[in-house]
Amino acid sequence: MGADTNYRALRQELDELAVSCGREPSDIVLISVSKTVDVPAVEQAVLGGAHDFGENRPEELVKKSSALPGENWHFIGNIQSRRIADIVPHAVLIHSLFKESHIAKIDAAARACGKVQDVLVEVNVSGEESKGGVTPAEVPAFVARCNACANVRVCGLMTMAPAGDLDAAKATFEGLARLFTEVKGTLSATEAAVFSELSMGMSEDWHLAVPAGATMVRIGRAVFSDTFNMEQ
Ligand SMILES: *Cc1c(COP(=O)(O)O)cnc(C)c1O
C-alpha cells in the first residue's frame, strides 16, 4: 500500500463520516502531514488526489513546496521568530500562531512578499502544560490583535487534543467548536466571513473531530505510514 491508496481510502472514509453527520464532504479538507516523508511520497499522495500538505519545520516546508509549488502547503509546527521570513512566502495557511510577538513579524513578512497571510490561532483547550496555544479566555483579544494587522487574516482556530485519550480528545474538539462560535459572534461582518476554519483531528482521533465540526483534519501516519495502518 502506498500513500495514493492510503489517501484514497481515508478520503472515502472521511466523506462517508461527513455525510453520516449531515455535513458536506467538500467542506472538510484532508491535510496530509508529510513531515516524516520526502518528495516522492508526497508525489504519490498527489496521485491519490491529495493537494493539501502539512509541514512542521520551515526547511522542509521550503524544500517540498519549492519542489511541488502547485500544491497547498500548510505550516502546522512550532514558529520561531527567526524563521518567520522563510515560512510566510511558502505557507497558504499557518495553523500554529499563538505568540503575541509573532503577529507583527508575520504581518511584516507578508507585506514584504506582497501577500495577506492567512492564519489560524492555536488554542490550548485542554490546558495541558506541555501544549502550546493561547488559553480560551485569551482568544478574542488575540484574534483582534491579528485582525488589526493589514497583512494578517484570521481564518479560524486550531487545536491539538491530548494523545491517547479519546474521551479527552472529544471534549477538546467540542470545546474548540463552542469557542469558535463565541468568538465569531464578536467579529465584524467582514472578519466573520473569513473566520470559518476549525483545524482539529489527527490519525488517531479525526473521526471524533468531524462530528464536532472540523473543517480541516491534519493526518500524517494514516496517509504515509504502512505500519500505522497495519496496526489499526
Ligand atoms: C504530526 C502532526 C499531525 C499528524 O499526526 P499523525 O498522528 O501522524 O496523524 C497533525 N498535527 C500536527 C500539529 C502535527 O505535528
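Our subject in this report is the structure included herewith. Each residue is numbered by its place in its chain's sequence as written, counting from 1. Local features in this predicted model are restricted to residues whose pLDDT is 70 or higher, and side-chain atom pairs enter the listing and the counts only when it is 80 or higher, whereas totals over whole chains, interfaces and linings include all residues. Here the side-chain values reflect all heavy atoms present in the structure, with hydrogen atoms and water set aside.

## Notes on the overall build of the protein chain
Alright, step 1. Runs of E in the DSSP output that reach at least two residues are strands. Runs of H or I that reach at least four are helices, and both are numbered from the N terminus. From N to C terminus, the protein chain includes 11 helices and eight strands.
Alright, step 2. Computed over its C-alpha atoms, the radius of gyration of the protein chain comes to 17 Å, within 12% of the 17 Å expected for a compact globule of 232 residues.
Alright, step 3. Taking the principal axes of its C-alpha atoms as reference, the protein chain extends roughly 45 × 40 × 35 Å.
Alright, step 4. When the 232 residues of the protein chain are sorted by exposure, 51% land in the buried category. The globule rule used here is 2.2 Å times the number of residues to the 0.38 power, and the radius of gyration it is set against is calculated over C-alpha atoms. Buried means the residue's accessible area, taken with a 1.4 Å probe over protein chains only, is under 20% of the maximum for its type, while exposed means over 50%, and partly exposed covers the values in between.

## Some words on the site of the ligand
Alright, step 1. Contacts to the ligand come from Val33, Lys35, Ile76, Met160, Met202, Ser203, Arg218, Ile219, Gly220 and Arg221.
Alright, step 2. Any N or O atom pair separated by 3.5 Å or less is treated as a polar contact, with the protein-specific requirement of one donor-capable and one acceptor-capable atom, and with residues adjacent in sequence counted only for side-chain atom pairs. Measuring from a nitrogen atom of the ligand, one finds a side-chain N or O atom of arginine 218 at 2.9 Å.
Alright, step 3. The side chain of arginine 221 places a nitrogen or oxygen atom 2.8 Å from an oxygen atom of the ligand.
Alright, step 4. Residue-level accessible areas treat just the shown protein chains as cover; the underlying method is Shrake-Rupley with a 1.4 Å probe. Contact with the protein chains hides 90% of the accessible area of the ligand, taken as 390 Å² for the molecule alone. It suffices for a single heavy atom of a residue to lie within 4 Å of a molecule or strand for the residue to be listed as near it.

## Focus on the environment of leucine 47
Alright, step 1. The topology assignment puts leucine 47 in helix H2 (residues 39-47).
Alright, step 2. On the basis of relative accessible area, leucine 47 is assigned to the exposed category, the value being 64%.
Alright, step 3. For leucine 47 and lysine 131, which are 84 residues apart along the polypeptide, the C-alpha to C-alpha distance reads 34 Å.
Alright, step 4. Ignoring any residue separated from it by four or fewer positions in sequence, one finds leucine 47 in contact with Asp4 and Arg8. Whether two residues touch is decided by their heavy atoms; if any such pair falls within 4.5 Å, the residues are in contact.

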